[in-house]
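# Close look at the chain arrangement
Given next are the chains, with one letter for each unit.
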Amino acid sequence: MIVCVCNNISDREIRQAVDLGLNTMAELRRDLGVATCCGKCHSCAKEVLHEHINSQTTLQERVLQRPAMTT
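Residues numbered from 1 in each chain as written. Predicted model: local features only at pLDDT ≥ 70, side-chain atom pairs only at ≥ 80, totals over all residues. Heavy atoms only, no water.

Here the focus is the overall build of the protein chain. In terms of regular secondary structure, the protein chain is built from 3 helices and 2 strands. If you list the helices and strands of the protein chain from N to C, you get β-β-α-α-α. A burial count over the protein chain gives 28% of its 71 residues as buried. Considering only residue pairs separated by 6 or more positions, the protein chain has 51% of its internal contacts joining residues 24 or more positions apart. Accessible surface, the protein chain: about 5,300 Å² in total, of which carbon and sulfur atoms supply 52%. (Helix = DSSP H or I, 4+ residues; strand = E, 2+ residues; numbered from the N terminus. Buried < 20%, exposed > 50% of the residue type's maximum accessible area, 1.4 Å probe, protein only. Contact = heavy atoms within 4.5 Å. Areas by Shrake-Rupley, 256 points an atom, 1.4 Å probe, with all protein chains shown as cover.)

This is the structure we're talking about:
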């Protein structure tokens, strides 16, 4: 879905940016231009950002909690 209509930024692009290391709205604003025009997308973009960061943290915790394989 398009999050930022002014700059045509999708939720997928925000997730990809997080995967590449961006983790703040300031970084999204700087690198993607999110919420730099009318600002109406700020809350939605922030929600997508935080949901994806939280999902990565949860996934990382699950991977780290797997038991070691023994042979």
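With that settled, the discussion passes to the pattern of salt bridges. Within this structure, the stated rule accounts for 2 salt bridges. A salt bridge links Arg15 to Asp11, with the shortest nitrogen-to-oxygen separation between them at 2.8 Å. Within this pair, Arg15 and its partner Asp11 are both found in helix H1 (residues 11-19), separated by 4 residues, close to a single helical turn. Accessibility expressed as a relative area gives 30% for Arg15, which makes it partly exposed. Exposure remark for Asp11: the relative accessible area of 13% places this residue in the buried category. Asp31 serves as the salt-bridge partner of Arg30, at 2.6 Å between the closest nitrogen and oxygen. According to the relative accessible area criterion, Asp31 is partly exposed, its value standing at 42%. (Salt bridge = Lys/Arg side-chain N within 4 Å of Asp/Glu carboxyl O.)

The subject of this paragraph is helix H2 (residues 25-32). Residue pairs three or four apart in sequence face the same way in an α-helix, which turns once every 3.6 residues. Residues of H2 that are buried: Met25, Glu27 and Leu28. The buried residues of H2 all sit within an arc of 155 degrees when viewed along its axis, so they share a single face. Following H2 by one or two positions, Gly33 has its phi on the positive side, about 85 degrees. (Arc of directions from axis to C-beta.)

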